[in-house]
Each structure stands twice: as structure tokens, then as C-alpha cells.
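Chains, contacts and geometry: an overview
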Amino acid sequence: MVVSPGIMANGDSNSLLSLVSFLLFILITATAVTGDSDREVLLSFKSYLQSWNPTERGKYNEWETTEKQGVCPLFGNFSALTQLAFLDLSSNTIGGSIPDDLNRCHNLKHLNLSLNIIERELSFSGLSNLEVLDLSVNRIEGDVHSSFPLLCNSLIVANLSTNNFSGRIDDIFNEGNCTLQVLDLSGNGFAGEFPGQVSNCQNLNVLDLWGNNFTGNIPAEIGSISSLRGFNLVFLDLSRNNFGGELQEIFGRFTQNLTFLILAYNNFSGDIPREYGNMPRLQALDLSFNRLTGSIPSSFGKLTSLLWLMLANNSLSGEIPREIGNCTSLLWFNVANNQLSGKLPIEIGLLPLAFLNLTRNKFSGQIPQEIGNLSSLQNLDLSYNNFSGNFPTSLNELSEMSKFNISYNPFISGVIPSSGQLATFGKDSFLGNPLLQLPSFFIQSGNNNSSSGERDNGREEDDDGAAIDMLVFYWSTFSFYVVALMGILVLMYLDCPWCRAWLRLLDAFMASLKSMLS
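Residues numbered from 1 in each chain as written. Predicted model: local features only at pLDDT ≥ 70, side-chain atom pairs only at ≥ 80, totals over all residues. Heavy atoms only, no water.

1. Re the confidence of the model for the protein chain
Within the protein chain, residue pLDDT values average 77, and 67% of them lie at 70 or more. Note that pLDDT drops below 50 for residues 227–231; the model gives that stretch 12 contacts with residues more than four away or on any other chain. Note that pLDDT drops below 50 for residues 488–518; the model gives that stretch 52 contacts with residues more than four away or on any other chain. (pLDDT = per-residue confidence, 0-100. Contact = heavy atoms within 4.5 Å.)

2. Re the pairing of strand β10 (residues 189–193)
Bridging between strand β8 (residues 164–167) and β10 involves two bridges; their strand directions are parallel. Considered in β10, the bridge of Gly-167 is made with Phe-190. Looking at chain direction, β10 and strand β12 (residues 213–216) are connected through three bridges and run parallel. Counted as the bridge partner of Ala-191 is Asn-213 from β12. (Pairing = 2+ DSSP bridges. Helix = DSSP H or I, 4+ residues; strand = E, 2+ residues; numbered from the N terminus.)

3. Notes on the pairing of β8
Pairing between strand β6 (residues 141–142) and β8: two bridges, direction parallel. Paired with Gly-142 across the bridge in β8 is Phe-165.

4. Considering the nonpolar core
Ranked by size, the top nonpolar core spans 103 residues in total, and within it Phe-251 and Tyr-276 carry the most contacts. Not counting the four nearest positions on each side in its chain, Phe-251 is found in contact with Ile-218, Ile-222, Leu-236, Leu-238, Leu-258, Leu-261, Leu-263, Tyr-276 and Met-279. With 14 residues, the next largest nonpolar core counts Val-234, Phe-235, Ile-262 and Met-310 among its residues. (Core = buried A, V, L, I, M, F, W, Y, C linked by side-chain atoms within 4.5 Å. Buried < 20%, exposed > 50% of the residue type's maximum accessible area, 1.4 Å probe, protein only.)

5. A few points about the sheet that holds β8
Pairing is parallel in the open sheet, where seven strands are placed in the order β6-β8-β10-β12-β14-β16-β18. Taken across any chain shown, the strands that pair with only one partner, and hence form the sheet edges, are β6 and β18 (291–292).

6. Side note on the pattern of salt bridges
Overall, the coordinates contain five salt bridges when judged by the stated rule. The shortest N-O distance in the salt bridge between Arg-139 and Glu-119 comes to 3.7 Å. Taken together, the residues Arg-139 in the loop between β5 (132–134) and β6 and Glu-119 in the loop between β4 (117–118) and β5 connect sequence positions 20 residues apart. The class of Arg-139 is partly exposed, set by a relative accessible area of 41%. (Salt bridge = Lys/Arg side-chain N within 4 Å of Asp/Glu carboxyl O.)

7. Points about the state of the cysteines
The bond known as a disulfide is covalent and runs between the sulfur atoms of two cysteines. This model, assessed by the stated rule, comprises one disulfide. Between the sulfur atoms of Cys-178 and its disulfide partner Cys-201 the distance amounts to 2.4 Å. Since a negative S-S torsion denotes a left-handed disulfide, the Cys-178-Cys-201 link at about 75 degrees is right-handed. Of the two residues, Cys-178 sits in the loop between β8 and β9 (182–184) while Cys-201 sits in the loop between β10 and β11 (206–208), which places them 23 residues apart along the sequence. On the basis of relative accessible area, Cys-178 is assigned to the buried category, the value being 5%. Overall, the relative accessible area of 0% leaves Cys-201 in the buried class. (Disulfide = S-S within 2.5 Å.)

Put into C-alpha cells, the structure is as follows:
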């Protein structure tokens, strides 16, 4: 493909030098090629780069006629590089479409075009030996039916995230011969039901479908994967789709492997299956923003590795089970916007919580003094409940706490200390509590006892805050543990040819997540 000003944004030298730096990486790491035709292609590309940038030249200016290592830039002579196996042009401003000539690079095993501005439809029907494909963070559109079934014979890593792909993905998984270990389709417009043929991917350990338009039930075939030889699913993100129906118990069958289960922002209904407590390795469970009913299963107390439990914005009822106190690793507990009731169990005071959000429920009774033992607590929201009795002054000892809200618990009484941590929050943390005595230096403008109408008006703002809190946690805690997990997996597969590609995919995933948060 002939490079033009439309390929490099504004045709600036920095973009060109960035591209050249990645091409140089290819020259160092790619498979050596032989033959005069390969040398001529490289020298032709050298001349082209020199003509575009006559002053600020990179290492390509030193290429000699003896240089015979492979490079496959985005111009129209890909197939001339007969032994090309590795191509990484990520993190540039490459635009336009992918040339058809790339399909004739039959020996290509690694292709990374992530973090560019590539557009139009995908066509890789000729790359039957491809093992690693990363197209994340581009503008590629259309469906994947013409390419993916053939690629599935050899693909180990496929990252198509953050593009404009659309349509259904029925029949993209080859029966009995799917080699995929990482599949990331997140941040696209795929629709329809997710195919049960994914169970053909016996070695799948990362499946990310976040942010699509999938509908219907999660295929029951996923539950059968756990019996397949070599199965090691550790990360499953189906959030921000339109999956519906009752929340299936099939995930409770992954008793040995599943670490991250993210089902938020869907239309799941019914009770939370008690089988979800049978996953001892589970570290993150997000069922928030669905239509779940019933109670929190007491079986959750068996999740001793759980770090993150998100159940916000459902219609859960009943009490928080005391068994939650057995989740001795729990850092993040959010049950905001439900119908939970009863007393707050003192067993929560035994957890290493950094975040506790109970807002907009029907909790009652006295807040236990033991809550002051949560020395790592940074965010505590008890607002919009029916707590009563004396205000627990032990909260004043939580020196790490940076966000606090106990507003609209009209039956709670007592005196807020005029010094210490609680005095740093101001009156907005104590609104709607007529029986509380606030420090005299709090600004007393307006009526502290708002009407019920004012109480309801805060819901949208509170929901926005909950969403921000979730994003912050996605980036801080989630990314840390994914990095750690991937590091372990890289060590496990150190001798595999794609271990370096795994890390590059992780970098791209983190970059896309950062852009979403910014």
C-alpha cells in the first residue's frame, strides 16, 4: 500500500519517526528472510521513507544491500517478503484499510496493528498460520465471518477490542479444533446470541465480551468447558451487554479456575445462585446493575479469596449474611441501591475493607461500634437508610477515610466530634439527620432537614458517584491483579512463542481502559 498523508495523520515527522521505530523493532526481531526480492523490497521502502523525511532520518538510513531481515510495512508489496513471520506496527497513526496483499503473507504468525486509526472491513482469509492477532483500539468495522473461522485453526490470542465491529458471530468457532486461549471482543457492536460453540475452545482462559449488544441467555455450553482437558478459564467479562433471563448457575461449576466473573450492566433476573459460592479462587464478582432479586447467598462466605464484591443497583432483599465475615480478603463491598434490610452484622468489622457502600437500602438498628476497627477504610457510605441509636464515635478513629456519608438516617442521634477525622467532612456528610448535633464551625446555611422530595433528587447524583467509584476500582484494584495474574501465566508459558504477545495485549488493554477513564 502506498503511504500518503492520509495514512500518517497530517504527515508529520513525529508520526513517521514513530512508525520507523517500530519497523526497526521488526528488523531486529523478525524472522530472517532470503533472496534478492526481499532485499529489493526493503531498499525500496528505505527510499520511500527517505523521500518523505529527508532531514530527520532514523536507523533505516543505515540499511545496506546486505540487510536481509524481514519487515512488512503498510504498503502494497507485502507478499514479496516470503518468510515474514512477525509484524508489529502498534501505537502509530496508521489509517485507511488493510491491503489485500497482506493475505499473501502466508507465513505470518504474529500481527499487531493495535492503537492506530485503521478503518473499513477486515479480511484475513489467507493468514491461516496466524497465532497472535491484535487489532485493538482502531476503527475497523463490519463482521468477522469472512476471516475468523479460518484463523481459528491456529490462533492463540485474538484481541479485536475497541473497534466498530458489528453483526452476529454465529459459527465462527471451528468444531473441535479451536486453539484460542485469549479472546477479547470487548468494546464493539456485536449482536445476537453468543454462540455455544465457544466450548470448542478447550484451552480458553480469557474471554472478554464487555460492551457489546449480545442478547438472550448465556449459552449453557460454557458450563461444559470445565470438563474439557486443559481448561483454565480465569477471566470472564460479559458486562455491558443485553444478556437476560435468570442468572445461570453454570459459572458455579468452575470450581478450580475462575478468578474474575463480571456480569454487570445486563438484564439478568431471579435469585443469585448459591453455587456461586463454590469458586474458591474467585477474586472479583460483579453482578451490579441487573434486575436480581432474593437474598445474598450465605454460601458467599466460602469465597475466602474474594477481593471485590459488587451487587449494587439490583432489587436484592433480606439481611447481609453473617457468613460474609468469612471473606477475609474482601476489600470492596458495594450493595448500594437495593432493598436490603435488618441490622449491619458486626462480622463486617473483621474485614480488611477499603470501600463499603450501603446507601439507599432499608438497613436499621444501631451501627455497630466495631465498624471503627476497619482501619483501612477509605470510603464509607451509609446514607439513605433507617439506622437508629447512638452515632458510633469510633468512626472518628478511621484516619484513612477520605469519603464519608451518613445523610438521611433520621433516627440516628448523638454528637459529632469537633476534632478528628469526622470533622474534616463538613455538613454535607450529615444532611437529613435532625437528631445529630454537628460541630459549631460547620456552615449552617440552609435547612439541614431536607424534605423527602429533596432526598429523592439526590439519587441520580449518587448513581453517578457509584459509577465513578466502580471505574476507579476497575483501574486501581482490577488492573493490578490482572497484571499480577498475567505475569504468572507468562511464567507458566515462558517457553511458548506467544508469551511476549500476551504482555503486549495486556498493555493495549490497559491503554484502552485508561482512555475510557480519562
